[in-house]
Amino acid sequence: MNARRATAADWPQVAALRTRVFVEEQGVPPEIEQDAHDATAVHALAEDDGGRVVATGRLLVRDGRAVVGRMAVDAPARGRGHGAAVLAELHRQARALGLTEVELHAQLSARGFYERAGYTAVGDVYEEAGIAHVTMRCALV
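So, here's what we can say about the structure. (Residues numbered from 1 in each chain as written. Predicted model: local features only at pLDDT ≥ 70, side-chain atom pairs only at ≥ 80, totals over all residues. Heavy atoms only, no water.)

### Notes on the packing of aromatic side chains
Thinking step 1. Inspection of every chain in the model, using the stated rule, returns two aromatic pairs.
Thinking step 2. Here the aromatic rings of phenylalanine 113 and tyrosine 114 are separated by 4.9 Å at their centres, their planes lie at 75 degrees, and the arrangement is edge-to-face.
Thinking step 3. Ring geometry for tyrosine 114 against tyrosine 119: centres 5.7 Å apart, planes inclined by 70 degrees, an arrangement best described as edge-to-face.
Thinking step 4. With a relative accessible area of 8%, tyrosine 114 lands in the buried category.
Thinking step 5. Ring-pair connections join several aromatic residues into one group, and the members of that group are Phe113, Tyr114 and Tyr119. (Phe/Tyr/Trp six-rings, centres within 6.5 Å; stacked < 30°, edge-to-face > 60°. Buried < 20%, exposed > 50% of the residue type's maximum accessible area, 1.4 Å probe, protein only.)

This is the structure in structure tokens:
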């Protein structure tokens, strides 16, 4: 399974996937799903055999730390390695920027996915966009 850095030409498919997963499936208000950080973030994506974007995520740099967010995998593509490929690509991009730690706000339903990728939960559970989350961190080696 491979993922790559997204280009501006990929944005319509990336935005459509995020809308399907976050807004339509999870009920996140559309006005908070996309934000000003999208313009400066590093975006990664994975495609299915037909070239359709089925997974995405973004990387921001905040206070010297990589911050992964907006991880989304199309429902029919879940469990097939696309999300792990996107996460690995975001880790590669963070290392290329000289960053040594990554943080994310994981939905509780995805906590096991991130633990398998080497993340550890820090702090208590909290709510974001009406969904229970936990902050997780991982050292980049």
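Back to the write-up after that little detour.
### With respect to the environment of alanine 3
Thinking step 1. Tracing the chain through its elements places alanine 3 in the segment before β1 (4-5).
Thinking step 2. Those residues within four positions of alanine 3 in sequence are excluded, and the remaining contacts are Leu45, Ala46, Ala85, Val86, Glu89 and Arg92. (Helix = DSSP H or I, 4+ residues; strand = E, 2+ residues; numbered from the N terminus. Contact = heavy atoms within 4.5 Å.)

### Here we look at helix α1 (residues 11-25)
One turn of the α-helix equals 3.6 residues, which is why residues spaced by three or four share an orientation.
Thinking step 1. With 15 residues, α1 extends 20 Å from end C-alpha to end C-alpha; this agrees with the ideal 21 Å at 1.5 Å per step.
Thinking step 2. Buried residues of α1: Val14, Ala15, Leu17, Arg18, Val21, Phe22 and Val23, and no others.
Thinking step 3. Against α2 (30-33), β2 (42-47), β3 (53-62), β4 (65-73) and β5 (101-107) lie the buried residues of α1.
Thinking step 4. Within two residues after α1, glycine 27 carries a phi angle of roughly 75 degrees, on the positive side. (Expected span 1.5 Å × (residues − 1).)

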